[in-house]
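# Architecture at a glance
Each chain, written out:
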Amino acid sequence: MAFHRRSTIRARALRKAMTPHEARLWIYLRALRAKGFRFRRQVPLKGYYVDFVCFRSRLVIEATVDTTPRTPTPTTTPSATRC
């Protein structure tokens, strides 16, 4: 019982602290309710907190964001920028 209460509290905290990418995806997933898909977000499932789940379709979505900085690719050649 204590684990269930802690997991519910943690899931609620995660729902309040969604990333901008998760929030954008949630808008699209909620729109699918009209087609019969009911997604839930930040659900405790077998010891993990999954970002989005549709139990009817047996579908779990984990939204991850690559936070590693990328080196910009040059748009012009170095010889074209010389005067």
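For the structure itself, consult the block above.
Structure report, in brief. Since we're looking at a predicted model, the values are computed, not measured.

## Observations concerning the overall build of the chain
Broken down by element type, the chain carries three helices and three strands. By the burial criterion, 17% of the 83 residues in the chain qualify as buried. Considering only contacts within the chain whose residues lie at least 6 apart along the sequence, 29% involve residues at least 24 apart. Of the accessible surface of the chain, which amounts to about 7300 Å², a share of 58% is contributed by carbon and sulfur atoms.

## Description of the nonpolar core
Nonpolar side chains in soluble globular proteins generally cluster together in the buried interior. Listed in full, the five residues of the largest apolar core are Trp26, Leu29, Phe39, Phe52 and Cys54. Secondary-structure elements contributing two or more residues to this core are helix H2 (20-31) and strand E2 (48-54). Those residues in contact with Phe52 that sit more than four places away from it in its chain are Glu22, Leu25, Trp26, Leu29, Phe39, Arg40, Arg41, Leu59, Val60, Ile61 and Ala63.

## Quick word on the sheet that holds E2
Judged by pairing direction, the sheet is antiparallel, and its three strands sit side by side in the order E1-E2-E3 without closing on themselves. Taken across any chain shown, the strands that pair with only one partner, and hence form the sheet edges, are strand E1 (40-45) and strand E3 (59-61). When strand polarity is set aside, the average angle formed by the axes of neighbouring strands in this sheet is 50°. Both E2 and E3 contribute to a ladder of three bridges, which runs antiparallel. If you follow Phe52 over to E3, its bridge partner there is Ile61.

## Here's the deal with the pairing of E1
Here five bridges tie E1 to E2, and the two strands are oriented antiparallel to one another. Pairing of Arg41 across the sheet is with Phe52, part of E2. Where E1 hands over to E2, the hairpin turn is made up of two residues, of which Lys46 adopts a positive phi near 55°.

Criteria and cut-off values
Residues numbered from 1 in each chain as written. Predicted model: local features only at pLDDT ≥ 70, side-chain atom pairs only at ≥ 80, totals over all residues. Heavy atoms only, no water. Helix = DSSP H or I, 4+ residues; strand = E, 2+ residues; numbered from the N terminus. Buried < 20%, exposed > 50% of the residue type's maximum accessible area, 1.4 Å probe, protein only. Contact = heavy atoms within 4.5 Å. Areas by Shrake-Rupley, 256 points an atom, 1.4 Å probe, with all protein chains shown as cover. Core = buried A, V, L, I, M, F, W, Y, C linked by side-chain atoms within 4.5 Å. Pairing = 2+ DSSP bridges. Axes fitted to C-alpha atoms, helices over the stretch in contact; angles between N-to-C directions.

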